[in-house]
Every structure is written in C-alpha cells, then in structure tokens.
Amino acid sequence: MENIGRGNFGSKIGAVLAAAGSAIGLGNVWRFPYETGANGGAAFLVLYLACVIIIGIPLMVAEFAVGRRSRANNFRAFPLLGATGLWKYVGFLCVLTGWLILCYYVVVQGWTIEYVISSGANGLANKTPDDYTADFSSFISNPVKPLIYVFLSIGITLGVVLMGVQKGIERASKVMMPMLFIFILVLVGCSLSLPGAMKGVEFLLNPDFSKVTASTYLAAMGQAFFSLSIGMGCLCTYASYFPKEANLFGNAFNIAGIDTLIAILSGLIIFPAAYSVGIEPGAGPSLVFITLPNVFYQAFGSIPWLAYMFSLMFYLLLAMAALTSAISLLEPATLLIHEETHLRRRWSALLATAPVLLFGVACSLSMGIWDEYKLFGMNLFDLFDFTTAKIMLPLGGLFTALFVGWKMDKKALLSEISNQRTLPQWLIRIYYSLIKVILPLAIIAIFLNELGVFSL
Ligand code: TRP
C-alpha cells in the first residue's frame, strides 16, 4: 500500500521527533500542572501514570499501526482496513476533535507569544508576585490584545503546515525539542532552590488518596489523552508518513516516556515555585503564567541579565513546543480535505483553518468580556477543553481500540506491530489483551464512575 506522491518523513529519527513534537506541548508545561494542582497533587499523578501505561502506550501503538498500514488520512484509514457501517465515521470524529482542540489551543499559544514579547521588552522584571497575577488576568480579559495573538498563532501554524511535511514539521522539531529539555532541567534546579520549595515537591510526590474523587479519574485519563496526543488520529496521520522500518512499540515507549518526564519536570518547576511565593496550586489555567516569571526573577534576581535571557529563551521554546503541537492538530484536517476533495494542499490547509479563526476568537473572548456566557457552568474555553479532553478523546480512543482489537485483520496488525517479527510472543499477547479488553473496559469504567453508576 505504498503511496507515491504523499509527503513522508525524511528519516526515522525525524518521524519520531515529529511525533514527540506533537506530544510535547502546552499539555505538559501548562495543562499538566494546573490539572494536577486542581486535583490534589500526587494522587492525581499516580492515576495519570496508570492511564499512560494502561491506556496511553497501547493506544499510541494502535494509532501508529492504523496510520502506517493504511497510509491514508483518518477518514479513509478505517475503511481501508476493513471498517464498515458506523466504524467508518470513527476517523471523522477524530478529525473533528482535533479541530475543536485547536480552537482553544491557539488561545494559549497566543499567551505564550505575549510572554515572549513582554520578556523581550523586559516587561517581566521588577515585579511582585501580585503584579504577575494582576498582569496576567488583565491581559487575558482584554478584548483586543489576546485576539491579535490568536491570529498570529493561527498564521504561524498555518505557515508551517503550508511548507509541507518534511521541511516544516520535521525541521522545526529536530532543534527545538532537545533545547527545551535542557532549559527545563535548569529551571527545576532553580525552582527547587527557592525558599519553602520542599512543600511543593511534597505536594507533587506524596500521594494523599483521600483526595481522589470520581472526577479525579476522569481528569487523569483526559490529561493522558491530551498530553500524549492520542484519541484523535493525530498520530495515525503522522504514522502514515512513517518509514516501513520504524519500530512502533519502541517509538511509543520513548515518546510516552519523554512526554511524561517533561510533565513531571514541569510540575517540579511550578509547584515548588508556587508554594514559595504563596500562589494556590489549584489556580487553574493561569497557574503557569503567574508562577514562571516568579521563578526567573526570584532565582536570578541578583543577576538581572540572566533572568532576562532565561525568561526570553524559555517562553520562546515553549511557544515552539506549542507550535509543533498545534501543527499536529491542524495536519489531520488538512490531509483529510486534501485527499478527499483533491483540492491543493494549500487550499485544504486554509479551509481547515478558517473555522478555527472564528472559534479561537470566541474562546479567547470567553476568558474576558464573554465570561458571563456559560453552559453547564463553564465558559466557552473551559467547555471546549472539557468536551474534547474528557469526552471526545477518550471516545475516539475507545473506538480505535475496539476497531484495532476486534475488527482489524489480525495478520495486518501483527505485521505492523511485530517489528519484522522480532517482538517476543508474550509481549504481543499482553498487547492483545490490553487493546481488546482491558483498555476499553478501563475507559468505560472511568466514564461510568464519573456518571456515578458505580464507584472505583
Ligand atoms: N499533546 C499536545 C500537548 O501536550 C496537544 C496535542 C497535539 C493533542 N495533538 C494532539 C492532544 C492530538 C490531543 C490529540 O500540548
């Protein structure tokens, strides 16, 4: 089923880095700390890790297998592998989910750009923790400024997607990701040296299971889906560009491992710093943007140029990490339109982006002047986040697992995952039981638990 004329990643390492670039993003540095903070800390982390292992890694392998086997967009991949009836629409649900995530992702991506610019203009220096809080809330509720950044984020993301698979996506991921990692390591050191930091470490690493409620499970599962980029066929799409020899299991382990490591390290930056300056760990989406400037300017306060360089570089890299993820959210819809309508790639990308412009603006405004319009007690931004991460991604994952486990041709699946028949039999057996039974049951159990049908 080799497809001539489609984009392909130029090298094995490029393919892996692009998938890692999709996984590593705001989900790790922004969403993980605030979900952990809002859900009681270490106990959430334990549930999150369980979700990564039981649901995340097997599902990532499944998405890789579907993508590389079919070498097609999400919509066509499932039917190509034997889906009939309603199964055909799984791919469509996936693309819709990614597109909805992008609508609020670009808002936060915009915030990172604002922080790049204000770091650059030295606007973060000489402030108290209260100033950072006030500045951030007045920025996101401003009716104009964040919108400019939404447009900018969308424009940049679109630009890279337009440059195509190899030149754009691959090249961007190769340099930025290792740099980000080094920066994060240094910042962990800085944060841990702040006075009172140990309370934050304890919050992240010492579990108190009495704080676990039904929604903690759902939050942990949603975060695992969001952070690993699974449940919407984004990795399917990327795997359709993978070379034949790419080792699907190995890649899934590596990507999930690095992604989780970066999330935990981000927690080790944020929580010690939050406790040190007296910011609530449950502060929500604003948490990272308020605590980080404190880390820079308290840790390097005596050497202002170092604080300046650090905050500028860090936000730049964070914006890059967000960009590689945003690209991966736009790519599935672009490819789908391109391959199904035979429109040029350029027009397909533009078409896929147009609605994001509209809803991105609405999500941004819902943090300020439209905050009073609420559905189920959530503004539009929170509603999009809740519906996608906690409902649509797990559903997409559930259907993908059921399809791969029960419907897809076993031989085809085996030839994709067995890595030229080098994978040991026992591992394949464990994999089958996970994907066919355990993983779907885990997702369903967490849903029923949330609905109060029974209690985990
Ligand atoms: N994983 C990315 C992050 O952590 C976000 C993301 C990119 C994503 N592509 C995705 C989430 C696909 C779910 C599905 O920031």
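Refer to the structure printed above.
Our subject in this report is the structure included herewith. (Residues numbered from 1 in each chain as written. Predicted model: local features only at pLDDT ≥ 70, side-chain atom pairs only at ≥ 80, totals over all residues. Heavy atoms only, no water.)

### Description of the nonpolar core
Argument step 1. Core analysis: the largest hydrophobic core is formed by 157 residues, its most contacted members being Trp111 and Phe314.
Argument step 2. Residue contacts for Phe314: discarding those within four places in its chain leaves Val29, Phe183, Ile184, Leu187, Leu292 and Phe296. (Core = buried A, V, L, I, M, F, W, Y, C linked by side-chain atoms within 4.5 Å. Buried < 20%, exposed > 50% of the residue type's maximum accessible area, 1.4 Å probe, protein only. Contact = heavy atoms within 4.5 Å.)

### Thoughts on the site of the ligand
Argument step 1. Around the ligand there are 17 residues in total, and Ala23, Gly27, Tyr105, Phe226 and Ser229 lie nearest to it.
Argument step 2. With respect to the ligand, the backbone of Ala23 contributes an N or O atom lying 2.8 Å from an oxygen atom.
Argument step 3. Note that a nitrogen atom of the ligand is positioned 3.2 Å from one of the backbone N or O atoms of Ser227.
Argument step 4. Notes on the ligand: free accessible area 370 Å², of which the protein chains cover 100%.
Argument step 5. The cavity where the ligand resides is the largest cavity.
Argument step 6. Sorting the residues of the shell around the ligand by element identifies helix H1 (12-23), helix H2 (26-38), helix H5 (90-120), helix H10 (214-228) and helix H14 (304-341) as the ones contributing at least two each.
Argument step 7. Class assignment of the residues belonging to the shell around the ligand gives a composition of nine nonpolar, eight polar and no charged. (Near = heavy atom within 4 Å. Polar contact = N/O pair within 3.5 Å; in protein donor to acceptor, adjacent residues only side chain to side chain. Areas by Shrake-Rupley, 256 points an atom, 1.4 Å probe, with all protein chains shown as cover. 1 Å grid on protein atoms, 1.4 Å probe; cavity = no way out; pocket = protein on both sides within 12 Å on 5 of 7 lines; lining within 4 Å. Sits in = over half its atoms within 2 Å of the grid points. Helix = DSSP H or I, 4+ residues; strand = E, 2+ residues; numbered from the N terminus. Nonpolar A, V, L, I, M, F, W, Y, C, P; charged D, E, K, R; others polar.)

### Structural notes on the packing of aromatic side chains
Argument step 1. What the rule picks out here adds up to 29 aromatic pairs.
Argument step 2. Consider the rings of Phe203 and Tyr275, whose centres lie 5.9 Å apart with planes at 55°: the pair is tilted. Separated by 72 residues along the polypeptide, Phe203 in helix H9 (residues 198-205) and Tyr275 in helix H12 (residues 248-277) bring together distant segments of the chain.
Argument step 3. Phe203 gets classed as buried once you look at its relative accessible area, which sits at 14%.
Argument step 4. Taken together, the ring pairs in this structure connect Trp30, Tyr34, Tyr104, Trp111, Tyr115, Phe136, Phe289, Phe296, Phe314, Tyr315 and Phe381 into an aromatic cluster.
Argument step 5. Between Lys410 and the ring centre of Tyr432, over which it is positioned, the NZ or CZ distance is 4.5 Å. (Phe/Tyr/Trp six-rings, centres within 6.5 Å; stacked < 30°, edge-to-face > 60°. Lys NZ or Arg CZ within 6 Å of the ring centre and 35° of its normal.)

### Here's the deal with helix H18 (residues 425-451)
Argument step 1. Helix length check: H18 (27 residues) gives 38 Å between terminal C-alpha atoms against 39 Å at 1.5 Å per residue, within 8%.
Argument step 2. The largest bend in H18 amounts to roughly 45° and is located at Leu434.
Argument step 3. The elements touched by buried residues of H18 are helix H3 (42-70), H10, H12, helix H16 (380-407) and helix H17 (410-417). (Expected span 1.5 Å × (residues − 1). Bend = angle between axes of the 7 residues up to and from the residue.)

### Here's the deal with the environment of Ala252
Argument step 1. Mapping Ala252 onto the fold places it in helix H12.
Argument step 2. Look at Ala252 and you get buried, because its relative accessible area is 0%.
Argument step 3. Put simply, Ala252 and Arg69 are 183 residues apart on the chain and 16 Å apart in space, counted from C-alpha to C-alpha.

### Looking at a nonpolar patch on the surface
Argument step 1. Taken together, the side chains of Ile53, Ile54, Trp406, Val437, Ile438 and Leu441 make up a nonpolar region of the molecular surface, amounting to roughly 580 Å² of accessible area.
Argument step 2. Of all the secondary-structure elements, those providing two or more residues to the nonpolar patch are H3 and H18.
Argument step 3. Among the structural elements, Ile54 can be located in helix H3. (Patch = residues over 30% accessible without salt bridge, like charges linked within 9 Å, V, L, I, M, F, W, Y side chains within 5 Å. Salt bridge = Lys/Arg side-chain N within 4 Å of Asp/Glu carboxyl O.)

### Brief notes about empty space enclosed by the protein
Argument step 1. In the structure shown here, the tally under the stated rule is two cavities of 30 Å³ or more.
Argument step 2. When its volume is computed, the largest cavity comes out at roughly 140 Å³.
Argument step 3. Lining the largest cavity are 17 residues; nearest its centre among them are Ser22, Tyr105, Phe226, Ser229 and Leu329.
Argument step 4. Across the lining of the largest cavity, the residue classes break down as ten nonpolar, seven polar and no charged.
Argument step 5. Roughly 30 Å³ of volume is contained in the second largest cavity.
Argument step 6. In terms of lining residues, the second largest cavity is bounded by Leu102, Val106, Ile154, Thr157, Leu330, Thr353 and Val356.
Argument step 7. Of all the secondary structure elements, the ones that give two or more residues to the lining of the second largest cavity are H5, helix H7 (145-162) and helix H15 (345-365).
Argument step 8. A class-by-class count of the residues in the lining of the second largest cavity yields five nonpolar, two polar and no charged. (Points joined across faces, edges and corners; volume = space filled by probe spheres on them.)

### Comments concerning the pattern of salt bridges
Argument step 1. Counting across every chain of the model gives ten salt bridges.
Argument step 2. With its nearest N and O atoms 3.0 Å apart, the salt bridge here joins Arg31 to Asp385. Of this pair, Arg31 sits in helix H2 while Asp385 is found in helix H16, placing the two residues 354 residues apart along the sequence.
Argument step 3. Among the residues examined, Arg31 registers a relative accessible area of 0% and is labelled buried.

### Some thoughts on the environment of Ala263
Argument step 1. Relative to the helices and strands, Ala263 resides in helix H12.
Argument step 2. What makes Ala263 buried here is its relative accessible area of 0%.
Argument step 3. Spatially, the C-alpha atom of Ala263 lies 26 Å from that of Asp130, the residues being 133 residues apart in sequence.

### Things to note about the packing of H14 against H15
Argument step 1. Two numbers describe how H14 lies on H15: the axes approach to 8 Å, and their chain directions differ by 125°. Judged on the interaxial angle alone, H15 and H14 are oblique. You can see that H14 and H15 cross each other, and the crossing is right-handed. For the pair formed by H14 and H15, the contact residues are Leu330, Glu331, Ala333, Thr334, Ile337 and His338 on the first element and Arg345, Ser348, Ala349, Leu351, Ala352 and Thr353 on the second.
Argument step 2. A breakdown of the residues in the contact of H14 with H15 according to their chemical character gives six nonpolar, four polar and two charged. (Axes fitted to C-alpha atoms, helices over the stretch in contact; angles between N-to-C directions. Parallel < 35°, antiparallel > 145°, perpendicular 65-115°, else oblique. Left-handed = near helix turned anticlockwise from the far one by under 90°.)

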